[in-house]
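Here is how the chains run, residue by residue.
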Amino acid sequence: MMLRYLLLPFAAIAVLHVLWLTPAHAQVVPISQCQAIAQTLPDVAFASFKPQSAFNVQALASDEVKITYIGHSTFLIETPGGVSIATDYSGWYVPPKTPDVVTMNKAHSSHYTLAPDPAIKHVLHGWGDDGEPADHDVVVGDTYIRNVTTDIRAGGGMMEPDGNSIFIFEVAGLCIGHLGHLHHELDDTDYAEIGRLDILMVPVDGGLTMGAESMSRVVTRLRSALILPMHRRGPPVTNFLQMFGDGFDKSFAPEASVMVSVRSLPRKPLIYILQGV
């Protein structure tokens with residue numbers, strides 16, 4: 001936590017320095033709070049970031065986000081501004097209210113639907129619908145949503161480029177990432193595009209997505225403060241927990257929801273297993 005507060009001023013100075021050196025007629029591409037922090041990390045290869053739209057979704061450090069595990073890979077994220085987001089939405093695991101935003105991935109029918117409730121205002125596919133990789137830069141209320149594409153297993157054991165998306169939600173000063181149906185380890189470019197994630201939703205099935213050992217390396221590299229296991233079919237979640245040493249705390253939550261703010265993030269990385277299946 002202390003490190004976070006030390007990094008933020010340096011990130012802000014870096015952005016101001018770029019603005020001061022840039023000619024007035026040049027277009028400045030804004031970057032997100034997650035990505036600004038990523039620039040300060042020594043072992044992440046910095047790359048050009050994707051956001052093209054300006055946004056202002058910062059909030060007070062005391063503002064809380066509510067995250068509820070609905071089931072499988074679906075979480076309901078509820079923001080201080082009243083925006084509700086369902087991840088990997090398929091309709092199989094139904095949130096208690098119609099979300100404003102849903103994200104989807106197409107690995108299996110339990111991660112998407114082509115017939116979502118028409119009341120959902122924003123339906124974000126993790127795959128490209130036009131032959132190009134999905135590219136989302138969306139501001140909804142107090143939340144900025146973007147994606148980083150990854151490859152996905154297709155028929156015959158081949159890999160389909162950009163068939164999955166890691167969705168990133170920036171709200172209340174937090175960077176929240178959902179790995180989707182991740183099928184391979186990330187490379188330096190992926191890590192640079194993702195940036196620093198405070199909260200990480202990670203599949204821990206141990207094979208349907210990616211082996212537990214490979215997934216544990218991804219989790220360790222992303223340096224998140226709060227890790228929320230999902231996609232828990234397969235080996236017991238304890239198999240995944242055993243991949244992490246004393247550098248991580250592990251805890252089983254008493255309920256399916258957790259309230260999180262910048263100030264309440266654990267100082268030591270915590271793998272927190274919310275109630276649910």
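Quick summary incoming for the structure in this document.

So, how was this worked out
Residues numbered from 1 in each chain as written. Predicted model: local features only at pLDDT ≥ 70, side-chain atom pairs only at ≥ 80, totals over all residues. Heavy atoms only, no water. Helix = DSSP H or I, 4+ residues; strand = E, 2+ residues; numbered from the N terminus. Buried < 20%, exposed > 50% of the residue type's maximum accessible area, 1.4 Å probe, protein only. Contact = heavy atoms within 4.5 Å. Areas by Shrake-Rupley, 256 points an atom, 1.4 Å probe, with all protein chains shown as cover. Phe/Tyr/Trp six-rings, centres within 6.5 Å; stacked < 30°, edge-to-face > 60°. Salt bridge = Lys/Arg side-chain N within 4 Å of Asp/Glu carboxyl O. Core = buried A, V, L, I, M, F, W, Y, C linked by side-chain atoms within 4.5 Å. Pairing = 2+ DSSP bridges. Axes fitted to C-alpha atoms, helices over the stretch in contact; angles between N-to-C directions. Polar contact = N/O pair within 3.5 Å; in protein donor to acceptor, adjacent residues only side chain to side chain.

### A closer look at the overall build of the protein chain
Here is step 1 of the chain: Each helix and strand in the protein chain was counted, giving five helices and 14 strands.
Here is step 2 of the chain: Taken over 277 residues, the protein chain has a buried fraction of 51%.
Here is step 3 of the chain: In the protein chain, of all internal contacts separated by at least 6 residues, the share reaching a separation of at least 24 is 57%.
Here is step 4 of the chain: For the protein chain, the computed accessible surface area is about 12300 Å², with 56% contributed by carbon and sulfur atoms.

### Structural notes on the pairing of strand β9 (residues 174-178)
Here is step 1 of the chain: Judged by how many residues are buried, β9 sits mostly within the fold: five of five residues are covered.
Here is step 2 of the chain: Here β9 shows no split at all, with Leu174, Ile176 and His178 on one side and Cys175 and Gly177 on the other all buried.

### Here's the deal with the packing of aromatic side chains
Here is step 1 of the chain: Inspection of the entire model under this criterion finds three aromatic pairs.
Here is step 2 of the chain: Where tyrosine 69 meets phenylalanine 75, the ring centres are 4.9 Å apart and the plane angle is 45°; that geometry is what we call tilted.
Here is step 3 of the chain: The class of tyrosine 69 is buried, set by a relative accessible area of 3%.
Here is step 4 of the chain: Ring centres 5.0 Å apart and planes at 65° place the aromatic pair phenylalanine 240 and phenylalanine 244 in the edge-to-face group.
Here is step 5 of the chain: Its relative accessible area of 1% is what places phenylalanine 240 among the buried residues.

### Examining the pattern of salt bridges
Here is step 1 of the chain: Per the counting criterion, the structure on display carries four salt bridges.
Here is step 2 of the chain: In this structure, glutamate 170 and arginine 146 form a salt bridge, with 3.0 Å as the shortest nitrogen-oxygen distance. With glutamate 170 in strand β8 (residues 159-171) and arginine 146 in strand β7 (residues 143-153), the pair connects residues that are 24 residues apart, well separated along the chain.
Here is step 3 of the chain: In this structure, the salt-bridge partner of arginine 221 is aspartate 188, at a minimum N-O distance of 3.1 Å. Taken together, the positions of arginine 221 in helix α4 (residues 212-222) and aspartate 188 in helix α3 (residues 188-194) put the pair 33 residues apart, joining distant regions of the chain.
Here is step 4 of the chain: Residue arginine 221 is classed as partly exposed on the basis of its relative accessible area, which comes to 24%.
Here is step 5 of the chain: We classify aspartate 188 as partly exposed; its relative accessible area is 41%.

### What about the nonpolar core?
Here is step 1 of the chain: Of all hydrophobic cores here, the largest spans 32 residues; its most connected members are Ile67, Ile145, Ile176, Ile199 and Leu228.
Here is step 2 of the chain: Other than its neighbours up to four places away in sequence, isoleucine 176 contacts Val65, Ile67, Ile77, Phe167, Ile168, Phe169, Val171, Leu197, Ile199 and Met201.

### Here we look at the sheet that holds strand β2 (residues 74-78)
Here is step 1 of the chain: Taken in spatial order, the six strands make up an open sheet running β5-β4-β3-β2-β1-β13, and their pairing is mixed. Of all strands in the sheet, those with a lone pairing partner are β5 (122-125) and β13 (257-260), marking the two edges. When the angles between neighbouring strand axes are averaged without regard to direction, this sheet yields 15°.
Here is step 2 of the chain: Two elements, strand β4 (residues 101-104) and β5, share four bridges in a ladder whose sense is parallel. For valine 102, the partnering residue across the bridge sits in β5 and is valine 123.

### A look at unusual backbone geometry
Glycine aside, residues mostly have negative phi angles, and peptide bonds mostly take the trans form.
Here is step 1 of the chain: One non-glycine residue, histidine 72, lies in the positive phi region at around 55°.
Here is step 2 of the chain: Tracing the backbone through its elements, the reader meets histidine 72 in the loop between β1 (65-71) and β2.
Here is step 3 of the chain: The exposure class assigned to histidine 72 is buried, which follows from its relative accessible area of 3%.
Here is step 4 of the chain: Phi at aspartate 88 takes a positive value of approximately 40°, unusual for a residue other than glycine.

### Considering the side chain of asparagine 164
Here is step 1 of the chain: As for its placement among the helices and strands, asparagine 164 is situated in strand β8.
Here is step 2 of the chain: In this structure the side chain of asparagine 164 is engaged in a polar contact, spanning 3.3 Å, whose partner is the side chain of asparagine 105.
Here is step 3 of the chain: Only 3.4 Å separates the side chain of asparagine 164 from the backbone oxygen of leucine 179, close enough to count as a polar contact.
Here is step 4 of the chain: Excluding residues within four positions of it along the chain, asparagine 164 makes contact with Asn105, Gly126, Val148, Thr149, Thr150, Asp151, Ile152, Leu179, Gly180, His181 and Leu182.

### Brief notes about the environment of proline 229
Here is step 1 of the chain: Positionally, proline 229 belongs in strand β11 (residues 226-230).
Here is step 2 of the chain: Separated by 43 residues in the primary sequence, proline 229 and tyrosine 272 place their C-alpha atoms 7.1 Å from one another.
Here is step 3 of the chain: Excluding its chain neighbours within four sequence positions, the residues that come into contact with proline 229 are Phe75, Val202, Val204, Val237, Ile271, Tyr272 and Ile273.

So far we have only geometry, and geometry alone does not tell us how the molecule works.
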